[in-house]
Every structure is written in C-alpha cells, then in structure tokens.
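# Structure assessment
These are the residues of each chain, in order.
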Amino acid sequence: LQVYISEISHPGVRGMLGACPQTMAVLGSLILYALGKTPLLTVLLWQGWSWTGAVAGEVPVLAMIVLLCFMPDSPRFLLSQGKDDKALGSLCWLRGKDTDYAQEYEQIKDSVRKQSRRVSCAEIKDPFIYKPILIAVGMRFLQQLSGVTCVLVYLQSIFKKTSVILKPEYDAALVGLVRLFSVAIAAVSMDKAGRKILLFVSAGIMLVSNLTMGLYIHFVPASLNGTIANKTLVSSANLPAEPTNYITLIPLLATMFFIMGYAMGWGPITWLLMSEILPLKARGVASGLCVVVSWLTAFTLTQFFLRVVEAFGLEVPFLFFAVICAGNILFTGCCVPETKGRSLEQIEAFFRTGRRSFMR
C-alpha cells in the first residue's frame, strides 16, 4: 500500500497521503473500541450473537473491494509493463488535465526505461541498490528495537506493575486517542517541516520517555506505588481513605509521550521513506524484506521482554530502549536523506550519483 501511495502521489502531498494508512488504522481501532462499549453490542455479544461482530467487520472489507475497482494502476507499473498509453491516461487522471503532467510523464518514463530489468545478484553491489535498501531495513529494525511493540502488547501489565492510576479498560482508548492525535500531527507537518526533523523530534521524545520510565522504576520504591488493593484482602469499605499518590502519573505520562513520539515520526515515516527511497527495480523484493525484518524483530523482542523483566527487572528494557532511541537520532543524522518535496526520480538520481544537487 505504501509503495502504491508513493508512486501515485505528487511530491507536495506524498507525506500527508503516506500517513493516511496509519491514521485510518488507529481510527479504525478507536471505532471498534467505541462499538465494543455500546450497550446494544454488549447485550448482543453477551447473548452469544458474536456473529454480528463478524458481519459488521465485513462491511469495510466489501466497501474496500468495491472502491478498489475505481483505483487506477500506478503509471510506473503500467510503464514497466509496456502500456505507455494507459500510463499517460492514469497520470492525467491522477494529476488533472489542467496540470503539466506530460513533463512528469517523461521523467517517469525515462526512469522506468533505465530500470526495466529486474535487479540481479551482481547489481546488489551497486551503491545505488544496496544503500537505500540498508537504510530502509535499518529504519525498520531500529523502529522495532525502540520498544513500541512491547509497550503496546504489555501495556496493561506495565501499568499494573507501576500502579498507574488508570482502569485497565481505559488503556486502549487513551492509547488510541494519543496515537490518532500524534499521527494527525505528522500527516499535517510532514510535507512542511520535512521527514528528518520529525524523525529527530520523535526519537528525542521516545528517548526521554524511556529514560524517565526506566529511572522511575529503578529509583522509586515499590511502597510508594502500592494501593489499598495491593496491601490487603480486606474490604476497602472498612479501611480509612488514603490520599491518591500522584507520583504514579509519571509512568502514565512517560508512556503516553512515548506513544506520541513514536506515532508522530518513527511510526508512519519509516513506512513512507521505505517506499520513497527504494529503487524501482528492487522495490517489490526490498519492501518485502523490510516487512520481514520488522516483524521478526518485533516477535523476537516481544518473546524476550518478559524473560528480561523477570531476570533483571522492568527498568532494564526501558533503559535499553532509551539507548536504541539515541542510536535512532544518530542514524537519522548520518544516513537518512530528506525527501520532502522531491520526486521519486530525484531521489533515485541522488542515490545513483551521490550528487546532493538532485535533492535541491
């Protein structure tokens, strides 16, 4: 999906459109959560009518199938198949008849002509091929090592461990709202501020959040986080009221800021940059490699998270994530090119020649 969006988008709005899948995914999760809290649906599920949820889930799928029939093929794909007339018609439909789409068409055609063959094993040694692939794979690897999957999967356990003043049923709603707000910020500012500045800000926020969480867990005594429910099995009605310990807001705020930082940078931008910088002849295989590396890293990290917590304590993973986020800042500054407002052909020319004039 990200590759398709990058190929049909105008450079001026590619960032905003590239953030749309993340925005819609988070919005869909919030809608499902809201539906799950409605009294009518709760009654239906309680009475065993779980098929209603399955039927409701088919509605957006059917709508997507119908809408896909009206989506044009990518001009770059059509040109790679030798369908020049259809490619020109597709670009005309995407850009509008009143725009100068003919010049863009010639640039795309020239780029496709230079990369008409599939990438061979010998060509992988070419910096034009392996550099963008390494950058894309490295970003997906570092994104998962920052700990986002572990935090989202074990969110309730982390909140329970740190005795956060928050009911478990509110976790999904709060996380969803923070992610939706942050992705919206990224979508609006990506084509104005640029990709790299958002990656710097995102990694910086995640660094501070993970460091705060690790230091809080390490230095704050567990007794300060204890609640009445954790101290005794006696009914709380017979116990005097204790003042709320607002220090437990620290891990809550740290987690929320971590999710916000991730969602406004290293979440959506890594997917977008992957589709922007990968060379056309290796885009399909390389994007698949990025996805495999991403989810293998997430799976491995999730499996080892609980073992590390049991062996060394909860603060160790968060301090490790903080170190990775510091590495993300260095990686962004040294390796990631700024692609704001650049056509895919300009980005390819930059990696092919190494001349920064193509990116101006």
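Residues numbered from 1 in each chain as written. Predicted model: local features only at pLDDT ≥ 70, side-chain atom pairs only at ≥ 80, totals over all residues. Heavy atoms only, no water.

## Comments concerning the nonpolar core
Counting residues in each nonpolar core, the largest one holds 66 residues, and the members touching the most others are Met139, Trp266, Phe305 and Phe318. Those residues within four positions of Met139 in sequence are excluded, and the remaining contacts are Leu199, Trp266, Thr270, Leu273, Phe331 and Val336. Leu78, Leu91, Tyr105 and Ile108 belong to the second-largest nonpolar core, a separate cluster that totals eight residues. (Core = buried A, V, L, I, M, F, W, Y, C linked by side-chain atoms within 4.5 Å. Buried < 20%, exposed > 50% of the residue type's maximum accessible area, 1.4 Å probe, protein only. Contact = heavy atoms within 4.5 Å.)

## Quick word on the pattern of salt bridges
As enumerated under the stated definition, the model contains three salt bridges in all. Among the salt bridges present, the one from Lys109 reaches Asp84, with a minimum N-O distance of 3.4 Å. Placement of the pair is Lys109 in helix H7 (residues 101–114) and Asp84 in helix H6 (residues 84–95), with a sequence separation of 25 residues. A relative accessible area of 26% means that Asp84 is categorised as partly exposed. Measuring nitrogen to oxygen at the nearest pair gives 2.7 Å for the salt bridge that ties Arg195 to Glu276. Here the residue Arg195 occupies a position in helix H12 (residues 195–219), and Glu276 occupies one in helix H16 (residues 268–277), the gap between them amounting to 81 residues. Overall, Arg195 belongs to the buried group, its relative accessible area being 0%. Taking relative accessible area as the criterion, Glu276 reaches 0% and is therefore assigned buried. (Salt bridge = Lys/Arg side-chain N within 4 Å of Asp/Glu carboxyl O. Helix = DSSP H or I, 4+ residues; strand = E, 2+ residues; numbered from the N terminus.)

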